[in-house]
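A structural walkthrough
One letter stands for each residue in the lines below.
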Amino acid sequence: MSLNDQAIDILTGNDRGGYTIPTKGLYPYQWNWDSAFIALGIASYDPDRAWSEVTALLDGQWPDGMIPSIIFRSDDPDYFPGPARWGKTPGAMPSTGVSQPPVLASVVRQLNAGGSPAEIARMREVFAPIMKWHRWFQSSRVMHGATVTTHPWETGRDNCPEWNIGLDQMAVAPDLAPYVRMDNKHVNPRFRPSQEQYDKYLTIVQRGEEMGWDQNRLLHEGPFLMADPTLHFVLLRANRDLKAMAEILGEDTAEIDTWIASGEASADYMWNDALGAFTARDVKTGAFSTGFSNASPLCFYADAGTPEQRGRIMENMKRIAGKVRFMLPSWDPDADAFEPQRYWCGPVWPQMNYMVAEGLARAGEVEMAGRIREDLSAAIRQSGFWECFNPLTGEGCVGNNFSWTAAVWLTWHGPQPLRGAA
Ligand code: GLC
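Residues numbered from 1 in each chain as written. Predicted model: local features only at pLDDT ≥ 70, side-chain atom pairs only at ≥ 80, totals over all residues. Heavy atoms only, no water.

For the rest of this paragraph, the subject is the pattern of salt bridges. Two side chains that carry opposite charge are able to pair once their charged atoms sit near each other. Using the criterion set out here, one finds 30 salt bridges in the structure. We note a salt bridge from Arg 312 to Asp 273, for which the minimum N-O separation is 2.9 Å. Here Arg 312, found in helix 14 (residues 307-321), pairs with Asp 273, found in the loop between strand 6 (271-272) and strand 7 (277-278); they are 39 residues apart in sequence, far enough to count as distant. Taking relative accessible area as the criterion, Arg 312 reaches 28% and is therefore assigned partly exposed. Judged by its relative accessible area of 49%, Asp 273 falls in the partly exposed class. Ionic pairing is found between Asp 334 and Arg 319, a salt bridge with its closest N-O pair at 2.7 Å. Highlighted residues: Asp 334 in the loop between helix 14 and helix 15 (350-362) and Arg 319 in helix 14, separated in sequence by 15 residues. In this structure Asp 334 comes out as partly exposed when scored by relative accessible area, which is 43%. Given the relative accessible area of 29%, Arg 319 is considered partly exposed. (Salt bridge = Lys/Arg side-chain N within 4 Å of Asp/Glu carboxyl O. Helix = DSSP H or I, 4+ residues; strand = E, 2+ residues; numbered from the N terminus. Buried < 20%, exposed > 50% of the residue type's maximum accessible area, 1.4 Å probe, protein only.)

Following this line, the structure appears as structure tokens:
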């Protein structure tokens, strides 16, 4: 079977009727940014089904505008932490109490790039809810102009060592309710986050639940608060795409313009001059994280950063490219805590390679964009459609038959390559 057919098989096998799970067993629900990338992949062979992936995600939107990271349409005893642990959440369906990087607007724009009347109608259908979600980010996740997070899970880069400085200064709740992890039953524990980290993730969930998921309280009184280049740059890019849609739809762009201007100006809050990279920063202490991550070059995807900043990021990427066989590792191989197989501590992530390659190509960094795209394609050819890959060997890690890996493959190599894909 060709790799295209295998990829389509994975996506149809993970289809749960209008939405797609990331992989069987480990992740049995609809995840936010997964669905956005999945929609792009499905669009290469079934544009109508791709659209339902987008609208299904909006079903989980909260009254305040947040679109949560996971929508629990059922209660699967094989998954933890499920709906019982997150407690009562205000949306129409049970969900987590955190969001995820808002790639949706960029995907909606790309899916409807032809601008036919039907495509414009689709943009109109989702414009207001997405606008509301972006407004939620401005009110509940911006500090010092930078996009911040109250939980590492919200960044989509769960246990990246980038979060260690924020986690180190918080304590595990003495009253943390006992729990049994399920992730380690599905996959090898040495690929997954450590127990101490897990206790802290659940401490934040418990505090959020005690606060009734009042996002303003969580922001100001929660145990963890870090500025995040993933959320910041993905949101900035999404705001640019939302503005382009507003113009097509004849909507006022003034509010979005202010978000874009502040997103551009305040990226500097995360500029780590010692490292020559955008990195996460602990808002409580002002400390910068200590390594180059695969979120650092998302400034290209967002079209942000000065020429000098971009130059220093390129130098870092060239250094790292000399150390690994497969670009782009999620954490700097020269930094402490690099582990090539442990989740966000080193492996190559398909959706990150997709966004970074797209940004670099747009910025004219064609060679590095090509390497990042080719290396992921080579890892997939060698090992199959895994969740992520060891950057030294190309070996697949964690979940197999993974939806976003199949989707990214299809956007690059599928039956009808999408306009604008890197
Ligand atoms: C993990 C990843 C996150 C992803 C989810 C489902 O939690 O860190 O980014 O959305 O799995 O694939």
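An order of 3-4-5-8 is seen for the four strands of this open sheet, with the pairing classed as antiparallel. The open sheet has two free edges, formed respectively by strand 3 (142-143) and strand 8 (281-282), since each of these has just one partner strand. Pairing of strand 5 (residues 226-227) with strand 8, which is carried by two bridges, proceeds in the antiparallel orientation. Across the sheet, the residue bridging to Met 226 is Asp 282, located in strand 8. (Pairing = 2+ DSSP bridges.)

A few words now on the pairing of strand 4 (residues 146-149). Of the two faces of strand 4, the one lined by Ala 146 and Val 148 and the one lined by Thr 147 and Thr 149 are each fully buried. Examined bridge by bridge, strand 3 and strand 4 share two bridges and lie antiparallel to one another. Within the sheet, the bridge partner assigned to Met 143 lies in strand 4 and is Ala 146. In this antiparallel pair of consecutive strands, strand 3 and strand 4, the connection spans two residues, and His 144 shows a positive phi of 55°.

Our focus in this paragraph is the site of the ligand. Among the 13 residues in the neighbourhood of the ligand, the closest are listed as Asp 34, Gly 156, Asp 158, Tyr 343 and Trp 344. Contacts to the ligand include Trp 33, whose side-chain N or O atom sits 3.1 Å from an oxygen atom. Separating an oxygen atom of the ligand from a side-chain N or O atom of Trp 344 is a distance of 2.9 Å. Out of a free accessible area of 310 Å², the ligand has 96% covered by protein chains. Each residue belonging to the shell around the ligand can be placed in one class, and the counts come to eight nonpolar, two polar and three charged. (Near = heavy atom within 4 Å. Polar contact = N/O pair within 3.5 Å; in protein donor to acceptor, adjacent residues only side chain to side chain. Areas by Shrake-Rupley, 256 points an atom, 1.4 Å probe, with all protein chains shown as cover. Nonpolar A, V, L, I, M, F, W, Y, C, P; charged D, E, K, R; others polar.)

The subject of this paragraph is the side chain of Asp 282. Mapped onto the fold, Asp 282 is located in strand 8. The buried charged residue Asp 282 lacks any salt bridge, with Lys 284 as its nearest oppositely charged partner at 6.7 Å. Within the structure, Asp 282 has its side chain in polar contact with the backbone nitrogen of Lys 284 (distance 2.9 Å). Contact partners of Asp 282, with chain neighbours within four places excluded, come to Ile 165, Gly 166, Gln 169, Leu 225, Met 226, Tyr 269 and Ala 287. (Lys, Arg positive; Asp, Glu negative; His and termini not counted. Contact = heavy atoms within 4.5 Å.)

A word on the packing of aromatic side chains. Counting across every chain of the model gives 28 aromatic pairs. Here the aromatic rings of Trp 133 and Phe 137 are separated by 5.8 Å at their centres, their planes lie at 45°, and the arrangement is tilted. Of this pair, Trp 133 and Phe 137 both sit in helix 6 (residues 117-140), four residues apart, which is roughly one turn of that helix. Trp 133 sits in the buried class, given a relative accessible area of 0%. Relative to Trp 409, the ring of Phe 385 has its centre 6.2 Å away and its plane inclined at 90°; by these criteria the two rings are edge-to-face. Of this pair, Phe 385 sits in the loop between helix 16 (366-383) and strand 9 (388-389) while Trp 409 sits in helix 17 (residues 403-413), and the two are 24 residues apart along the sequence. Just as Phe 385 is buried, Trp 409 falls in that class too. In this arrangement the basic side chain of Arg 73 is found over the ring face of Tyr 19, its NZ or CZ atom lying 4.4 Å from the centre. (Phe/Tyr/Trp six-rings, centres within 6.5 Å; stacked < 30°, edge-to-face > 60°. Lys NZ or Arg CZ within 6 Å of the ring centre and 35° of its normal.)

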